[in-house]
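Here is how the chains run, residue by residue.
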2 protein chains.
Amino acid sequence: MGNTDARTARSRKALMDAGIELLLQNPAASLKEIAEHAGVGRATLYRQFESREQLVQALAVECFELKEQKLAPLKDLNLSARETLEQTFMLLMPMADRFHFLLSLWNIAEQDPEVMALYNRQLFDLVALVEKGKKEGSIDSSFDSNWLVCLIDSLMFSGWWMMGNMHMTPDVAAKHAIKSLFSGVG
Amino acid sequence: MGNTDARTARSRKALMDAGIELLLQNPAASLKEIAEHAGVGRATLYRQFESREQLVQALAVECFELKEQKLAPLKDLNLSARETLEQTFMLLMPMADRFHFLLSLWNIAEQDPEVMALYNRQLFDLVALVEKGKKEGSIDSSFDSNWLVCLIDSLMFSGWWMMGNMHMTPDVAAKHAIKSLFSGVG
DNA sequence: AACATATGAGACACTATTGTATCATATCTT
DNA sequence: AAGATATGATACAATAGTGTCTCATATGTT
């Protein structure tokens, strides 16, 4: 399964990179623009992705896989929930733009079962982590777990905004997010 | 200036309501869909808005004006920064969907000078409020003010998500946001 | 080197959207 | 009630995007 030709892999990667970049700044970017920006013929795009929807969904899957890949090392460390969360921010903040991509094209991405499966799994994991934090006493049990998950995601969003508009580094953004989350700003 | 005919006002309102609603769930909604959803002829839409961009920008201006209008009562109360912020969440949370609208179509809205002027003014006000909080001791001075502003916005986003996906009420969302912001969740 | 195949360029048909114009009719203003 | 005007329906032209196909060429594979 899957084509192994180096040319295919190369143009696929170029297309996906261009797709993320262009769709991030303009969710209505045309396939023609994306192909051009990738330095690839428009026909090649259609050879790899049946439609605009499929491209977006493939990009969404890639975002989730990248996230999983970045977080994989944490699985073995057996850290506390709080430490795990802190590391999560540090590891994911550099790819905060990917989360914004997912958000801005979610109405398309969510139609793909594969995307939804990945989303639900990672949501489940995060809920579990938050509830572990509650048990360990590092997270206030009176908060709704869904709120907490949502809060964590929105802190990634804050980071993305600060990195893009205020020249904040991922490292600093992650530290701000961690401090804000656990201690508040009061 | 401005047309005072009741019919114009009515169809303009219908179009803007439909625009917010449709563009919120699908930023690529066509003008035909918007006109239909507004129960108005497509030609009427073109009579009121020269282009898609102008419609979006008019909607963005409306969002900012609505925000300003909701916050106006606070001006006279001379509350502390902390109390003002708390009231801000309570007053704005019911219109959190408008902020998501602005975010999702920001690439278009930001091209309008009027939108940018409103945005900058309200950003300025919020920065001032945050810095007042720092002086009053209710906000940790070690945080970057821009980060704090960004955090406040992203808490509105959290509220929007919880209201739309988890049936949270605006009131509860606002209270969660306030508690999370000032005290953190740790 | 010989073969296989992915690619770019271009032509093509098709659709959706956009934006303009017209005109009889309904609704508002005065 | 009479006049003014906004509206809906419709037709229309222009454009942009989509998706398919072909074929000579460049590039990988073996």
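Residues numbered from 1 in each chain as written. Chains lettered and ligands numbered in written order. Predicted model: local features only at pLDDT ≥ 70, side-chain atom pairs only at ≥ 80, totals over all residues. Heavy atoms only, no water.

Undergrad: Can you explain the protein's contact with DNA strand C? Please cite residues and give values.
TA: Among the 26 residues in the neighbourhood of DNA strand C, the closest are listed as Ser11(A), Thr44(A), Arg47(A), Arg7(B) and Arg42(B). Contact distances for DNA strand C include 3.0 Å between a phosphate oxygen and a side-chain N or O atom of Asn3(A). Elements with a contribution of two residues or more to the surface near DNA strand C: helix H1 (6-25) and helix H3 (42-48) of chain A together with helix H1 (6-25) and helix H3 (42-48) of chain B. A per-element tally of the surface near DNA strand C places H3(A) first, with 5 residues. Counted by class, the surface near DNA strand C contains 6 nonpolar, 10 polar and 10 charged residues. (Near = heavy atom within 4 Å. Polar contact = N/O pair within 3.5 Å; in protein donor to acceptor, adjacent residues only side chain to side chain. Helix = DSSP H or I, 4+ residues; strand = E, 2+ residues; numbered from the N terminus. Nonpolar A, V, L, I, M, F, W, Y, C, P; charged D, E, K, R; others polar.)

Undergrad: Please set out the environment of Ala6(A) residue by residue, giving values where relevant.
TA: Residue and element names in this part refer to chain A. Its place among the elements puts Ala-6 in helix H1. The exposure class assigned to Ala-6 is exposed, which follows from its relative accessible area of 52%. Considering only alpha carbons, one finds Ala-6 and Asp-125, 119 residues apart in sequence, at a separation of 35 Å. (Buried < 20%, exposed > 50% of the residue type's maximum accessible area, 1.4 Å probe, protein only.)

Undergrad: I'd like a rundown of the interface of chain A and chain B, residues and numbers included.
TA: Where the parts come together, the accessible area they lose is often given as the size of the interface. Tallying the contact residues gives 39 residues for chain A and 39 residues for chain B. For the pair chain A and chain B, the summed buried surface comes to about 3,300 Å²; carbon and sulfur atoms form 69% of the total. Where chain A touches chain B, the interface holds 2 salt bridges. Here Lys179(B) ties to Asp140(A) by a salt bridge, and the two come within 3.4 Å at their closest N and O atoms. (Contact = heavy atoms within 4.5 Å. Buried area = accessible area lost by both parts, 1.4 Å probe. Salt bridge = Lys/Arg side-chain N within 4 Å of Asp/Glu carboxyl O.)

Undergrad: I'd like a description of the pattern of salt bridges, backed by residues and values.
TA: Residue and element names in this part refer to chain A. Overall, the coordinates contain 16 salt bridges over all chains when judged by the stated rule. Between Arg-98 and Glu-62 there is a salt bridge, with the nearest N and O atoms lying 3.4 Å from each other. One end of the pair, Arg-98, is in helix H6 (residues 96-104); the other, Glu-62, is in helix H4 (residues 52-75), and 36 residues separate them in sequence. By relative accessible area, Arg-98 is classed as buried at 17%. Among the residues examined, Glu-62 registers a relative accessible area of 26% and is labelled partly exposed.

Undergrad: Describe helix H6 (residues 96-104) of chain B, and please don't skip the residues or the numbers.
TA: Each α-helix turn comprises 3.6 residues. Residues three or four places apart therefore point the same way. All of the buried residues along H6(B) are Ala96(B), Arg98(B), His100(B), Phe101(B), Leu102(B) and Ser104(B). Those residues of H6(B) that are buried are in contact with H6 of chain A together with H1, helix H4 (52-75), helix H5 (81-92), helix H7 (106-109) and helix H9 (145-165) of chain B.

Undergrad: I'd like a description of the nonpolar core, backed by residues and values.
TA: If you look at the biggest cluster of nonpolar residues, it comprises 133 residues, and the most contacted ones within it are Phe89(A), Met93(A), Trp147(A), Phe89(B), Met93(B) and Trp147(B). Leaving out residues up to four positions away in the same chain, Phe89(A) has contacts with Ile152(A), Leu155(A), Met156(A), Ala174(A), Ala177(A), Ile178(A) and Leu181(A). (Core = buried A, V, L, I, M, F, W, Y, C linked by side-chain atoms within 4.5 Å.)

Undergrad: Go over the relation of the copies chain A and chain B, please, and point to the residues and values.
TA: Turning chain A through 180° and shifting it by 0.0 Å along the axis lays it on chain B, with an RMSD of 0.1 Å. The transformation just described matches what one would write down for a two-fold rotation axis. Proximity to the rotation axis, assessed at the C-alpha, singles out Gly184(A) in chain A; its C-alpha lies 1.8 Å from the axis. Looking at chain A, 100% of its interface residues are interface residues in chain B too, so the copies touch through the same face. (Least-squares fit on C-alpha atoms with pLDDT ≥ 70 in both.)

Undergrad: Give me the lowdown on the protein's contact with DNA strand D, citing residues and values where you can.
TA: Residues in contact with DNA strand D amount to 26 residues; listed here are only the nearest, Arg7(A), Arg42(A), Ser11(B), Thr44(B) and Arg47(B). Taking all atoms of DNA strand D within 4 Å of the protein, the share assigned to sugar and phosphate is 60%. One of the backbone nitrogen or oxygen atoms of Leu31(A) is found 3.2 Å away from a phosphate oxygen of DNA strand D. Between DNA strand D and Arg42(A), the relevant distance is 2.9 Å, taken from a base oxygen to a side-chain nitrogen or oxygen of the residue. Looking at the surface near DNA strand D, the elements with two or more residues in it are H1 and H3 of chain A together with H1 and H3 of chain B. Take the surface near DNA strand D: its biggest share by element is 5 residues, from H3(B).

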